[in-house]
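# Residue-level structure breakdown
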Amino acid sequence: MTPAIAGFDYRCVPVADGVTLNAAVSGSGSPIVLLHGFPQTHLMWRHVAADLAADHTVICPDLRGYGASDKPAETDATTYAKRTMAADIVALTRALGHERFALAGHDRGALVAFRAGLDHPETITHLVCLDVLPALDMWEVMRGVTAAVGFHLYLMAQPPGLPEQMIAASPDAFFGHFLDIWTNNPQAIPADVRASYLDACRDAVPSIVADYRASAGIDVDHDQADRDAGNCLRMPVTVLQQDWGAALDFDAAALWSAWAPDLRHTTVTSGHFMAEEAPAEVAKALRDLLAR
């Protein structure tokens, strides 16, 4: 059986034409939405979600194109634009009865959360981004041989066809590679959870590639338009990151400060999958943010 977050109810919620999101929901109180990253599903939040549900309404969806959510075909660049995926999350949360909510995202989910904060400032009360840079900044810091760490970004940025074919030829090796190298504590992702992630990714190669392709195109355009207009995140923001700046020679806190005037930036010692490796630390950061 597919693992689930214990004590959470599961709902299928229409959010756009032909798109329904799978979401785990529990708790009561002020709402917080938790968005997963790559190569994962909503299940990555299982520890943090259970903690927060003691005094918050917690909503953990699978993003469009991932997990048990719908995976529309990529008809144009907007299908998996973070603007579109952010609109999904706003529609989901409104359908569940919440007009305003806090939002946390990891990796791909953090890019969706970032875009939601810029596009829907009246809706997002607080914002947390885990281990990511906005798309515009990410491509600006990727240079030289150190950029080899992000080889998958370049692969999935290619036009439709080749990347999907290459990844689909050996999906478990491809997606499993990141689960292996991005964690400091492999026991944080037990065998049944790992198998669930691989099953979900195996069934979603075209949509996952389309999500990444958007971040090498339309997402950068949207970020650049906001930078040119002087737009920024108006809500309190917390960012937790590994020390990628030391590895790739950039100042992560400075890059984030340009987007978020009310920022708390923390460098963590856990691996990339920090919500699973250090859930108490992540939950505390979220609670501290919600108190701001």
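Our structure's up above, just so we're on the same page.
Since the model is a prediction, treat every value here as computed from it, not as a measurement.

## Describing helix 14 (residues 279-290)
Taking 1.5 Å of rise per residue, 12 residues should cover 16 Å, and helix 14 covers 16 Å from first to last C-alpha, within 8% of that figure. Residues V282, A283, A285, L286, L289 and L290 constitute the buried set of helix 14. Around the axis of helix 14, the buried residues are gathered within 160 degrees of arc, so they sit on the same side. Within helix 14, the exposed residues directed more than 90 degrees away from the buried face are A280 and K284. In this structure, the buried residues of helix 14 make contact with strand 3 (31-35), helix 1 (46-52), strand 5 (101-106), strand 6 (124-130), strand 7 (237-241) and helix 13 (274-277).

## Notes on unusual backbone geometry
In this structure, the amide linkage connecting F38 to the following residue, P39, adopts the cis form with an omega of -5 degrees. Its location among the elements puts P39 in the loop between strand 3 and helix 1. With a phi close to 55 degrees, D107 is a non-glycine residue in the positive phi region. Position of D107 among the secondary structure elements: in the loop between strand 5 and helix 3 (108-119). Owing to a relative accessible area of 9%, D107 belongs among the buried residues under this scheme. With a phi close to 55 degrees, D131 is a non-glycine residue in the positive phi region. As for its placement among the helices and strands, D131 is situated in the loop between strand 6 and helix 4 (135-141).

## Things to note about the layout of surface pockets
Of the pockets and cavities examined, the largest pocket occupies roughly 220 Å³. In terms of residue count, the dominant contributor to the lining of the largest pocket is helix 8 (residues 191-202) (three residues). Of the residues in the lining of the largest pocket, the class split is five nonpolar, six polar and three charged.

## A few points about the packing of helix 6 (residues 162-169) against helix 9 (residues 205-214)
Across the interface, helix 6 lies against helix 9 with an axial gap of 10 Å and an inter-helix angle of 135 degrees. On the basis of the axis angle, helix 6 is oblique to helix 9. Helix 9 is crossed by helix 6, and the crossing has right-handed handedness. In this structure, helix 6 uses P163, E164, I167 and A168 to contact helix 9, whose residues at the interface are V205, P206, V209 and R213. For the contact of helix 6 with helix 9, a count of residues per class yields six nonpolar, no polar and two charged.

## Some points on the sheet that holds strand 1 (residues 9-16)
Here eight strands make up an open sheet; going across it, the order is 1-2-4-3-5-6-7-8 and the pairing mixed. Edge strands, defined here as strands with exactly one partner in the open sheet, are strand 1 and strand 8 (263-267). Each neighbouring strand pair of the sheet contributes to a mean axis angle of 20 degrees, computed without reference to strand direction. As paired strands, strand 6 and strand 7 are joined by four bridges and run parallel to one another. Its bridge partner being in strand 7, V128 is matched across the sheet by T238. Relative to the sheet, helix 2 (residues 82-95) contacts strand 1, strand 2 (19-26), strand 3, strand 4 (57-61) and strand 5, its axis offset from that of strand 1 by approximately 125 degrees. The strands touched by helix 3 within the sheet are strand 3, strand 5 and strand 6, with strand 5 carrying the most contacts at an inclination of about 145 degrees.

So, how was this worked out
- Residues numbered from 1 in each chain as written.
- Predicted model: local features only at pLDDT ≥ 70, side-chain atom pairs only at ≥ 80, totals over all residues.
- Heavy atoms only, no water.
- Helix = DSSP H or I, 4+ residues; strand = E, 2+ residues; numbered from the N terminus.
- Expected span 1.5 Å × (residues − 1).
- Buried < 20%, exposed > 50% of the residue type's maximum accessible area, 1.4 Å probe, protein only.
- Arc of directions from axis to C-beta.
- Contact = heavy atoms within 4.5 Å.
- 1 Å grid on protein atoms, 1.4 Å probe; cavity = no way out; pocket = protein on both sides within 12 Å on 5 of 7 lines; lining within 4 Å.
- Points joined across faces, edges and corners; volume = space filled by probe spheres on them.
- Nonpolar A, V, L, I, M, F, W, Y, C, P; charged D, E, K, R; others polar.
- Axes fitted to C-alpha atoms, helices over the stretch in contact; angles between N-to-C directions.
- Parallel < 35°, antiparallel > 145°, perpendicular 65-115°, else oblique.
- Left-handed = near helix turned anticlockwise from the far one by under 90°.
- Pairing = 2+ DSSP bridges.

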